[in-house]
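# Remarks on the overall topology
Here is what each chain is made of, one letter per residue.
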Amino acid sequence: MSAPLISLDRPNSYIGRSLPRPNAKRLLAGRGRYVSDLHLPRMLHAAFLRSPHAHAKIVSINTDAARAVEGVHLVATGPDLAKICTPWIGTLDHFKGMTSSPQLPLPLDRVVWSGQAVVAVVAESRAIAEDALELIEVNYEELPVVVDVDGAREVGSPLVNPGSANNVCFRSQLDNGAVDDAFAKASHVVEEEFSFGRHTAVTLEPRAIVADYDPAAGMLTVHHATQTPYQFQDLYSRHYGIPEARVRVIATDIGGSFGMKLHVYHEDMAVVGLSILLGRPVKYVADRIESFVSDIHARDHRVRARMALDARGGILAMDVVDLTAIGAFSTYPRTSVVEGNQVIRLIGAPYCFRNYRATLEVIFQNKVQTSQYRAVGHPIACAVTERLLDMAASKVGLDPFAIRAQNVIADDAYPHTSPTGYRFEALSHQACLKRLHEIMDYDSLRAEQADLRKRGVYRGIGIATFVEITNPSPAFYGVGGARISSQDGAIVSLTPSGEVRCLISVTEQGQGTESIIGQIVADQLGLAQERIKVITGDTEVTPHGGATWACRGAGIGGETALQSARALKRNILEIAALVLQEQPSALDIVDGEVVDASTRNQRMPISEIARIVYFRSDTLPPGTQAQLTVSHHFAPQGYPFAFTNGIQGCLLDVDVETGFVKLLKHFIVEDCGRVINPMLVDEQLRGGIVQGLGAALFEECRYSETGQLVNGSLADYLVPMPMEMPDIVIAHVETPTADTELGAKGVGEAGTAAASACVLNAVNDALAPLGATINSIPITPARVLKALKRF
Amino acid sequence: MKARAFSYFRAATIDQALDAHARAGDDARFIAGGQSLVPALSLRLQAPRLLIDITHIDELRGVRREGGYLRIGALTRHCEMLTEASIAESAPLLHVAAPFVAHPAIRNRGTIGGSVALADPASEFPAMTLALDAEIEIVGPSGRRRVKADDFFIDLFETALQPGELIAAIHVPLFRADQRFAFDELARRRGDYALVGCGIMATCQGSRIEDIRISFFSVGNTPTRVKGAERALIGARLDVERIAAAQRALECDLAPPEGDEVPPAMRLHLARVLLGRLLGRLGEGA
Ligand SMILES: Cc1cc2nc3c(=O)[nH]c(=O)nc-3n(C[C@H](O)[C@H](O)[C@H](O)COP(=O)(O)OP(=O)(O)OC[C@H]3O[C@@H](n4cnc5c(N)ncnc54)[C@H](O)[C@@H]3O)c2cc1C
C-alpha cells in the first residue's frame, strides 16, 4: 500500500514533495493573529506580583493601596482563587510511588520558588496593573532553601514540602539482571559522571492567554497560546466546574512552543479564575523576564554511568544512576518525571547488549518546575551513551565509527527489544552510519585534523547515534490516568464548489502541521493543494484529539488525515458512480476530475458532484445517502511507539587559550520513515539541531545559593544566534512504519536529541592530545579552561 | 513590563534641554538613542518623571576636524562610526570597534554620547576614548568644559558628568602616520558584551614603541588603562619577551571583580591572551 504514496510523477502527488508552508507568507506579512494581538471589548489586563524569595512563609499581604489605584478592578490573592478553583496534583498512576503537593493558582501561605506569582492585579491596562503591584506589601518570613541536588538529598536537609519525609518525588529502577557479573568479566570498563545544566525553551512568542467568561451564558472561552487546546478544555472544565461543552479553547497562531506551552501554569489558571470573578475578558502575556522565572525549565540531570565491554569493544552491560531536580512541584498534567524516565530508558538504545541496570531519582528543590521540552530526555541519554562509547573506543583502540558499526543493532535484526524494554519495529543504524561517513568525507576530515594539530589548531570531530521516541500510544499518558488523548480526529467536507475543508485535532505552532495535513488530503483525494483548507486549534470546531506534542502530528495526525480523505473519496466516488452509471471501483479522482480508473479519461469534475448533491439532490436516485462530510478518528495501534533513528556528526575548533569553541559544520542522517514534505523535515532537523547546539555551548539557567536565577534575561541567558551556527548538511534514510498506511514517524526532536552529544564528543576529541576531558553541558569557555588548567 | 508614566519634552537647543532639566530637578533624564535608557525604563529600574529628548539638537550632531582633533558630536550614532569617512580616517580605532557594539538595529539608534555618558564598563567606546586620549566636551548650567578621558571615568556608572550636564562632543586627536592601533574582544556570541576587550593606540618610530595606550573593557568597574603593561612596552621593540612582560604586568594593572560566570582569575587569563594576540598583530604591522 505504501509504495504508490511516493510516486512523485502522478498529478496531485504531494506526499514526498517539498512545498512551502501556505502559512508562512501570511505570518511574514504581519497578518498572523496571535493571542497578544487580541483586543476584546471590555478586556482587562492582569499582572502578577512575584516572590523575591525561593522559599518563604507568607505572613501577611496588604493590598489596600493597590486596590485604591484608579483603573484597578481586582486584586486577588491565593484564597480568593482557591474558592473557585480546585487544586491539581502533578502525578500519574503509572509512575508508582511518585508524590507532589497540591497546587493552586496563587499560593495560600508559602512560596516555593523565586518568581512564583503571589498576587494578581487586574486593571484597565498592563501599565496600571504594574503601578498597583508596586504598592502591594507582602510580609515574608524566609525559610531554609533547597537549591542543589546533593543538599536536597542529605538527611536532615530542609524540606521543600514540610510534612514529607524527604525531598524525593520519584524513584525508579530498571534491572534485567547479571549486570555485576558482566562488569566483573569485562575486558574494559569506562565510567564518567556527567552533568547537564537546566535550560528553558525561549519561544519567540511568550506564554499568552485571554480568558473570557460570560456569566450570562455560563460559557468560558479561552484564547490560549498552547499546543493542546483539548487538554486545557478538559482542565478548565474540571477545575472550575464548568461543563465541558461550555468551555471553548482556541489556539490560533502560536509563535513556537517546543513543549513549553503544554503545561498548566499558575498564572494561566489564575487568569481563568480572574475572568470568572470579574465576568470580563482578562488578558495576560508573560514578558521575557517573567518567562525565565515561570516557564518550565528542562534537563538538570546528573548521571553517573559506566559501560562494560569485551576485549574487541563489544558492549556487554551498562549501569546508570540519574539524579534530576525538578523544582518544587511536579508539573501538571504530564508530570516532571517523564524526562528522567526517558533518560534511563533511552540510554544505550541504538546498541545491542543485554545487561542493563538504571536508577532514577527525582528530587524536589526550590526552583521553577521542569518538564517536557523538545527531545525530552533524549539529549541526556544520547550524550551519556555516546561519550562512554567514545571513551571505550579510545581504550580499545577503535575509531568512533568502527565501535558504533560493531555495536549497533543490525538493520536486518528487527523487530528488536532493548534491554530497557522498548520494542523497535525497524531502524536503520547501519545504513545511517555508512551514509554519515560518506557525507562527512570522514577520512579526509581526520587527515586534515592531524595536519592542523601540527600547527597548533585543535580541531574536534564527533559523532553521535540516536533513537527517538515518536507516535506515542496511550502507553505514554493515558495509562497513567491523564486525560490526554493519543488519538486524533478529522472532519473532511467537500464544499459546494468542490473544494475541501479539513478540520483536524492536530495543531500548528509554526512547524507546518497544516501544510502536511493539506498535502496528505490533497494527495489522497486527487485535488490541487490550493483547494484544501485546513483548520486547527479550536475545541468548538475541530474534533477532540491529542493535538501536537512528542512528535505525533505527522505520524498520527497525518494518518488520521489520510484515512479521512480516503473515506471522503469513497463517498464522492459512490455518488459519481450513481450519476455516471458505473461501479465506484471503476472510477478515480485526478486533479479534481472524476476519471476512469483504467484509462484516466475525464468523466466529470467533482465540483459538479458537489453541485448536484447540495443543490439538486432531486436528480439523484431515490434513497441516495450523499455524505460529503466525513468524520473519522484514528488511534495508533501496533507498537506502543514508532521509534526513529539517525546519526549526527560535528566538526569544530577549540581555542585552547580562550576556551572558546567554534562550530564549523554539522551533519545529520535521519530516518523518520515516510518523508511527507522534505523541506519541512529539513527545517525541523535544522531547528532541532540549533536548539541542541544552544544546549551544548550556551544555554543554562544559573542559580545563586539562595535560589535566585542569576541570568534570567536575554542579555545573560545565551540562546544560539546565526553568527555562531554552522552549516548543517542533511541526508535521509526512509524506513516507513508498517503500523500505518502513511508510514510516517516523527522528526521534530531528532535534531535536538543528538546535537549536544555530538559537540561533547567533538570537544573531547579536540582536547584529547592535551589530556583534558569535559563532562558537563553546556561547554562554556570557563569549563574548557578549567579542564585545561589554564586558570 | 511597561514603563511607569512619564512626561516627554523634545528640546530644540542645548539651552532648552539644560533648562528643562534644571526645572525638573533630579527627576529628569536626557534621552538620546534610548538603547540603554528605554530597557531601564521598561524594567522599571529607572522611573524619571520627565524625559528630555536631545536628538533634535543640531549642535550635538556632526563630525568635523577642529584644531588637531576630530570633533564627534554626541549624537553620532554607532552605525555612523562604520560609514563616516572622516572617522575611518582620523579615528580608525572607533571605526574598527563599532562592528563589535551590539547589533545593527541597536547601532542604528545608539549614540556615542549616550555610550560615554552611561560609562558601562563593558562598553567598547568608553574604553576607546581612553586608548585614544580623547577629551569629552561637557556643557551644563555652569558653562562648557573639556575633560580628558583619563579623568572622566570615576567608578561604576559614575563619571565626571554632573547631574543636569550634557556631553556635547568627543574630541579625538587626529590619527597620524606614525601611529598603529589594534582592537579585539572575546565575546561568547557576536554582538554580546565581551568577557574581555581591548583597544591599543601606539606611536612608533620604526619598530620602536615611542608611546602606547592600552585600554581594557569588561575587566572592572570602569574602562581601564593598564599602565604597567604600557610601561613595559614604551621605548622597546615588540618582541616575544616584551609581550610576555606586558602580559605579566596585567596582574598588577587589573583586579577583575568576582563575576557570576567568569571568575577573576579567568578574566585575567583572558586579558593576557587577548593582549598577547593584539600586541602580536601590532608587531606584525610594525
Ligand atoms: C541588546 C543590546 C545590546 C547592546 N550591546 C552593546 C555592546 O555590545 N556594546 C556597547 O557598548 N553597548 C551595547 N548596547 C548599549 C548601546 O550601545 C547603547 O546605545 C549606548 O550604551 C547608549 O547610547 P544611547 O544613545 O542609546 O543612550 P540612551 O539609552 O538614550 O541613554 C543612556 C544614558 O546616557 C544618558 N545620555 C545620553 N546621551 C547623553 C548626552 N549626550 N549627554 C549626557 N547624557 C546622555 C541618558 O540620560 C541615559 O542615562 C547594547 C544595547 C542593547 C539594547
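Quick caveat: nothing in here was measured; it's all calculated off a predicted structure. (Residues numbered from 1 in each chain as written. Chains lettered and ligands numbered in written order. Predicted model: local features only at pLDDT ≥ 70, side-chain atom pairs only at ≥ 80, totals over all residues. Heavy atoms only, no water.)

What follows covers the overall build of chain B. Along its length, chain B carries 12 helices and 14 strands. For 286 residues, the compact-globule estimate of 2.2 N^0.38 gives 19 Å, and the C-alpha radius of gyration of chain B, at 19 Å, lies within 12% of that figure. Along the first, second and third principal axes, the C-alpha set of chain B runs to 60 × 45 × 35 Å. When the 286 residues of chain B are sorted by exposure, 54% land in the buried category. (Helix = DSSP H or I, 4+ residues; strand = E, 2+ residues; numbered from the N terminus. Rg over C-alpha atoms; globule rule 2.2 N^0.38 Å. Buried < 20%, exposed > 50% of the residue type's maximum accessible area, 1.4 Å probe, protein only.)

Moving on, we come to the pattern of salt bridges. All names here are of chain A. One pass over the full model with this rule turns up 71 salt bridges over all chains. Between R306 and D319 there is a salt bridge, and its shortest N-O distance comes to 3.0 Å. In this pair, R306 sits in strand β13 (residues 297-309) while D319 sits in strand β14 (residues 315-325), placing the two residues 13 residues apart along the sequence. (Salt bridge = Lys/Arg side-chain N within 4 Å of Asp/Glu carboxyl O.)

Our next topic: helix α12 (residues 400-407) of chain A. Burial in α12 of chain A covers these residues: P400, F401, I403, R404 and N407 of chain A. Considered in projection along α12 of chain A, the buried side chains sweep an arc of 165 degrees and stay on one side of the axis. (Arc of directions from axis to C-beta.)

Now for the sheet that holds strand β1 (residues 7-10) of chain B. Residues and elements named next belong to chain B. The parallel open sheet is built from 3 strands, whose spatial order is β1-β3-β2. The open sheet is flanked by β1 and β2 (28-31), the only strands paired with a single partner. The average angle at which neighbouring strand axes cross in this sheet is 25 degrees, direction not considered. (Pairing = 2+ DSSP bridges. Axes fitted to C-alpha atoms, helices over the stretch in contact; angles between N-to-C directions.)

The subject of this paragraph is the interface of chain B and chain A. Taken together, the 23 residues of chain B in the interface contact 27 residues of chain A. Overall, the association of chain B and chain A removes approximately 2,300 Å² of surface from exposure, summing both partners, and the carbon and sulfur fraction of that is 58%. The three residues of chain B that bury the most area against chain A are R44, R188 and R189 of chain B, which together make up 31% of that side's buried surface. Scanning the region where chain B abuts chain A turns up 7 salt bridges. (Contact = heavy atoms within 4.5 Å. Buried area = accessible area lost by both parts, 1.4 Å probe.)

Looking now at the domain arrangement of chain A. Interfaces are often sized by the amount of accessible area the parts lose when they come together. Residue and element names in this part refer to chain A. Domain annotation for chain A reports domain 1 (24-32 + 487-634), domain 2 (35-143 + 202-294) and domain 3 (379-471 + 643-787). Of the residues lining the interface, 10 residues belong to domain 2; the matching set on domain 3 comes to 10 residues. Counting across the domain 2 and domain 3 interface gives 2 residue pairs in polar contact (both at pLDDT 80 or more). Class assignment for the residues of the side of domain 2 that touches domain 3 results in 7 nonpolar, 2 polar and 1 charged. (Domains from an automatic or database assignment. Polar contact = N/O pair within 3.5 Å; in protein donor to acceptor, adjacent residues only side chain to side chain. Nonpolar A, V, L, I, M, F, W, Y, C, P; charged D, E, K, R; others polar.)

Below, the discussion takes up the domain arrangement of chain B. All names here are of chain B. If you check the domain split of chain B, you get domain 1 (7-53), domain 2 (58-173) and domain 3 (179-283). Counting residues at the interface gives 12 residues for domain 1 and 17 residues for domain 2. A combined buried area of about 1,000 Å² lies between domain 1 and domain 2, and 73% of that area is made up of carbon and sulfur atoms. The largest share of the area that domain 1 buries against domain 2 comes from I14, L18 and Q35, three residues that together contribute 51% of it. Our count for the contact surface shared by domain 1 and domain 2 stands at 0 salt bridges. Put simply, domain 1 and domain 2 have 0 residue pairs in polar contact (both at pLDDT 80 or more) between them. The leading source of residues in the side of domain 1 that touches domain 2 is helix α1 (residues 14-24), at 4 residues. Across the side of domain 1 that touches domain 2, the residue classes tally to 6 nonpolar, 5 polar and 1 charged.

The next point concerns the site of the ligand. Residues and elements named next belong to chain B. For the ligand, the set of nearby residues contains 31 residues, the closest of which are F30, G34, T111, S123 and E124. At 2.7 Å from an oxygen atom of the ligand is found a main-chain nitrogen or oxygen belonging to G34. A distance of 2.8 Å separates an oxygen atom of the ligand from a polar backbone atom of Q35. In isolation the ligand offers 950 Å² of accessible surface; the protein chains occlude 88% of this area. Of all the secondary-structure elements, those providing two or more residues to the shell around the ligand are β2, α7 (112-118) and β10 (166-173). Per-element tally for the shell around the ligand: the top contributor is α7, with 5 residues. Of the residues that constitute the shell around the ligand, the class distribution is 16 nonpolar, 12 polar and 3 charged. (Near = heavy atom within 4 Å. Areas by Shrake-Rupley, 256 points an atom, 1.4 Å probe, with all protein chains shown as cover.)

It is worth spelling out helix α7 (residues 229-240) of chain A at this point. Residues and elements named next belong to chain A. When the terminal C-alpha atoms of α7 are compared, their 16 Å separation across 12 residues agrees well with the 16 Å that a helix rising 1.5 Å per residue should span. Among the 12 residues of α7, 11 are classified as buried, and the element is accordingly described as predominantly covered. All of the buried residues along α7 are P229, Y230, Q231, F232, Q233, D234, L235, Y236, S237, H239 and Y240. As for α7, its buried residues are in contact with β9 (208-214), β10 (219-224), β11 (247-250), α8 (266-278) and β20 (500-504). Just past α7, the residue G241 takes up positive phi, approximately 65 degrees. (Expected span 1.5 Å × (residues − 1).)

The next point concerns the sheet that holds strand β24 (residues 602-605) of chain A. Residue and element names in this part refer to chain A. Strand order in this open sheet of 3 strands is β22-β23-β24, and the pairing throughout is antiparallel. Every other strand in the sheet has two partners, leaving β22 (587-590) and β24 as the edge strands with one partner each. Taken pair by pair, the neighbouring strands of this sheet meet at an average axis angle of 30 degrees, ignoring direction. Looking at chain direction, strand β23 (residues 593-596) and β24 are connected through 3 bridges and run antiparallel. In the strand pairing of β24, V594 is matched with M604. Contacting β22, β23 and β24, helix α17 (residues 606-615) crosses the sheet at an angle of about 45 degrees to β24.

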